[in-house]
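The lines below spell out each chain.
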Amino acid sequence: MLPLDMVSAILDSVQEAIEITDRDGNIIYVNPAFCRITGIPFAQRTRENIFNISPDGALALALKTGKPVSGHRTKVGGSNAEVISNAVPILVDNQIVGAIAIFQHITDVIKLLEELRQSTNIIRNLSDKFGQVTQGKYTFEHIIGSSRSIRECIKTAQMAASSNSTVLLLGETGTGKELFAHAIHNASPRKDNPFITINCAAIPDALLESELFGHVKGAFTGAIKEKIGKFELAHSGTLFLDEIGDMNLLLQAKLLRVLQEREFERVGSNQTITIDVRVIAATNRNLRQLVREGKFREDLFYRLNVVEINLPPLREHTEDLLDLANHFIIKLNRKLGKKVTGITSEALAALHNYNWPGNIRELQNIMERVMLSLENQQVTLQDLAPHLGININPLTQTEEMELLPLDKVEQIMIQRALNKFGSSVEGKKEAAKFLNISLATLYNKIKKYKINF
Ligand SMILES: Nc1ncnc2c1ncn2[C@@H]1O[C@H](COP(=O)(O)OP(=O)(O)OP(=O)(O)O)[C@@H](O)[C@H]1O
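Residues numbered from 1 in each chain as written. Predicted model: local features only at pLDDT ≥ 70, side-chain atom pairs only at ≥ 80, totals over all residues.

Participant: Whenever I open this one, the overall build of the chain confuses me. Can you help?
Facilitator: When helices and strands are tallied, the chain shows 21 helices and 16 strands. Per-residue burial for the chain yields a buried fraction of 32% across its 453 residues. Restricting to contacts in the chain with at least 6 residues of sequence separation, those with at least 24 account for 64%. (Helix = DSSP H or I, 4+ residues; strand = E, 2+ residues; numbered from the N terminus. Buried ≥ 20, exposed ≤ 12 C-beta atoms within 10 Å, placed from the backbone. Contact = placed C-beta atoms within 7 Å.)

Participant: Looking at this model, I keep getting lost on the environment of Gly245. Mind explaining?
Facilitator: Relative to the helices and strands, Gly245 resides in the loop between β10 (238-242) and α11 (249-261). Gly245 sits 36 residues away from Ala281 along the chain, and the two C-alpha atoms are 9.2 Å apart. Ignoring sequence-local partners within four residues, the contact set of Gly245 consists of Thr283, Arg285, Leu287, Leu290 and Phe296.

Participant: Even after reading the chapter, I still don't get the site of the ligand, so can you show me in this structure?
Facilitator: Of all residues adjacent to the ligand, which total 17 residues, the nearest are Ile144, Thr173, Gly176, Lys177 and Glu178. Its residues assigned to classes, the shell around the ligand shows 4 nonpolar, 9 polar and 4 charged. A domain-level breakdown of the shell around the ligand finds at least three residues from each of domain 2 (140-312) and domain 3 (315-388). (Near = placed C-beta within 6 Å. Nonpolar A, V, L, I, M, F, W, Y, C, P; charged D, E, K, R; others polar. Domains from an automatic or database assignment.)

Participant: Would you explain the nonpolar core in this entry?
Facilitator: Nonpolar side chains tend to gather and get buried jointly when the protein is soluble and globular. If you look at the biggest cluster of nonpolar residues, it comprises 41 residues, and the most contacted ones within it are Leu169, Ile184 and Ile280. Top contributing element to this core by residue count: helix α7 (residues 148-161), with 5 residues. If near-sequence neighbours (up to four positions away) are discounted, Ile184 is found in contact with Ala157, Ala160, Ala161, Val167 and Ile280. Listed in part, the 32 residues of the second largest apolar core include Ala325, Phe328, Leu348 and Tyr354. (Core = buried A, V, L, I, M, F, W, Y, C linked by C-beta atoms within 7 Å.)

Participant: Please explain the sheet that holds strand β13 (residues 278-283) as it appears in this structure.
Facilitator: Spatial strand order, β7-β10-β13-β6-β14: 5 strands in an open sheet with parallel pairing. Strands with a single pairing partner mark the edges of an open sheet, and in this sheet they are β7 (195-199) and β14 (307-310). Averaged over neighbouring strand pairs, the angle between their axes works out to 15° when direction is ignored. Of the strand pairs in this sheet, strand β6 (residues 167-170) and β14 are connected by 4 bridges, and their pairing is parallel. Looking across to β14, one finds that Leu168 is bridged to Glu308. Contacts from α7 reach β6 and β14 within the one sheet, and its direction differs from that of β14 by about 155°. (Pairing = 2+ DSSP bridges. Axes fitted to C-alpha atoms, helices over the stretch in contact; angles between N-to-C directions.)

Participant: Sorry if this is basic, but what is going on with the environment of Leu233 here?
Facilitator: By secondary structure assignment, the location of Leu233 is in helix α10 (residues 230-233). C-alpha separation for the pair Leu233 and Phe213, spaced 20 residues apart in sequence, amounts to 9.5 Å.

Participant: Would you mind going over the packing of helix α15 (residues 345-353) against helix α19 (residues 406-421) with me for this structure?
Facilitator: The axes of two packed helices give the description: the angle between them and the distance between them. Where α15 contacts α19, the axes come no closer than 5 Å and their chain directions differ by 105°. Relative to α19, the element α15 lies roughly perpendicular. Contacts from Glu346, Ala349, Ala350 and Asn353 in α15 reach Leu418, Asn419, Lys420 and Phe421 in α19. Residues that form the contact of α15 with α19 fall into these classes: 4 nonpolar, 2 polar and 2 charged. (Parallel < 35°, antiparallel > 145°, perpendicular 65-115°, else oblique.)

Participant: Please clarify how the UniProt feature "domain: PAS" (unreviewed entry) in the chain should be interpreted in this entry.
Facilitator: With numbering aligned to this structure, UniProt lists the feature "domain: PAS" (unreviewed entry) at residues 3-40. The span residues 3-40 is 45% helical and 26% strand by assignment, and the distance between its end C-alpha atoms comes to 28 Å. (UniProt positions renumbered as here; feature names shortened; annotations may be inferred.)

Participant: What's the story with unusual backbone geometry in this structure? I'm lost.
Facilitator: It is generally the case that most residues other than glycine have a negative phi and that most peptide bonds are trans. In this structure, Glu243 is a non-glycine residue whose phi angle is positive, near 55°. Relative to the assigned elements, Glu243 resides in the loop between β10 and α11. Its identity is not glycine, yet Arg262 carries a phi of approximately 60°, on the positive side. Among the secondary structure elements, Arg262 is positioned in the loop between α11 and β11 (263-265).

Participant: Looking at this structure, I do not really get the confidence of the model for the chain. What am I missing?
Facilitator: Any segment with low pLDDT has predicted coordinates that should not be analysed in fine detail. Per-residue confidence for the chain gives a mean pLDDT of 89; residues scoring 70 or more make up 94%. At the low end of the mean pLDDT range in the chain sits helix α18 (residues 394-399), at 51; at the high end sits β6, at 98. On the interface metric, ipTM, the complex scores 0.99, and its pTM is 0.64. (pLDDT = per-residue confidence, 0-100.)

Participant: Help me understand the sheet that holds strand β1 (residues 17-22), please; the structure alone is not making it clear to me.
Facilitator: Sheet strands pair by backbone hydrogen bonding; their relative direction is either parallel or antiparallel. Reading across the sheet, the 5 strands line up as β2-β1-β5-β4-β3 and stay open at both edges, with antiparallel pairing between neighbours. The outermost strands of the open sheet, each flanked by one partner alone, are β2 (27-30) and β3 (69-75). Within this sheet the neighbouring strands show an average axis-to-axis angle of 25°, counted without direction. Relative to strand β4 (residues 82-92), β3 runs antiparallel, the two being bridged by 5 bridges.

Participant: What should I look at first to understand α15 in this one?
Facilitator: What sets the pattern is the α-helix's 3.6 residues per turn: residues three or four places apart point alike. Within α15, 7 of the 9 residues are buried, which leaves it mostly tucked inside the rest of the structure. Every buried residue of α15 is accounted for by Ala347, Leu348, Ala349, Ala350, Leu351, His352 and Asn353. Looking at the packing, one finds that the buried side of α15 touches α14 (321-336), β15 (342-343), β16 (378-379), α17 (381-388), α19 and α20 (425-435).

This is the structure we're talking about:
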């Protein structure tokens, strides 16, 4: 057992407030920390009974129930001090002889809680930010194509990369707009900073503003915590605004201001935020037409259109088909664990003849579907035909008919030859040679039978 004077010296030196009662609730001891926190002198406090002065406090509860009480929030009876207290009954030979409580001033706890809340907020925001921040995935090396039109697009994009100019990428779906946006960012001085993408068509109008500019807590119903917008996330990097043609007029006005002033406010806040962001915008819609129809602001169009790059549809640069097909074969071999060796010339000719409404994305998808069932072999016309809507054996149907007019047979043969050799000038020469007619005759018959390819 510790000597009594030592026990009292220990209690006197503890930083937390301590209060002790006897079995009947008479307060028999409070330490100096208690007097400091509550402002009640020792002599005054030890004249009181806990059941009178603080009947709902932790000490009274511990005495009444004989059980420990922890984390009890209360005001110390007879003072204004709010505390969090833990109390336990004091047992001697299994009999309650009193109770002791230890208090912590609530302002200390609140201060700690506030610090904790702020730290949690910072961590949450950082992890939010971290989750959304990406780097540019592709470089110009990933862009396949040696046709004049693609080379020109690459040249313009490379020139734009070194500047801070806003770039507008126009082109049908699947022509590589996003790929170019990544490549421009990666070739720019901002390449080590964030590359943030937002698809304006994929986000409902009501949410797009806060996605772009962020919001403060309580800015609108559902804004339960503050949110950093894409513009802030992209600070010092690049913001890729995809499907810009789908943005509503109200937001277009706000976007124009950011592009002009480089500043904005989060939704619900009047604090102006200044940013340094390079904007690349893209759309597969006809922006000029939208301007004429009053659906896209002319001033915004010119702000965005500092450097304009028009990506050609695949049907207009079919000379890149072989390189693209081989590129996807290599990529998909890796992805699917295959060893496909290439594509036959007949299959390539069929690719030439197709219209490619989904452009390069469609080519990539078709190659993937075909390669799923191939092993160590080439992609053939038979593999591709169902995906390109080609009937590779028109005669099997027609053979079942007893007779066919001669010109119908001629038309079918010309169609088949063009499917086989392709519709390029070289392909037509081959087809004419195979059919034993001159190139001029072939052209005449294509015209006569209105053959589409
Ligand atoms: N020149 C190219 N070389 C290699 N791959 C390409 C090329 N162009 C496009 N691709 C590939 O085709 C797919 C579609 O490209 P991307 O997403 O960039 O098109 P997009 O024009 O942005 O389409 P959308 O308008 O539908 O968003 C991607 O997988 C991309 O990597």
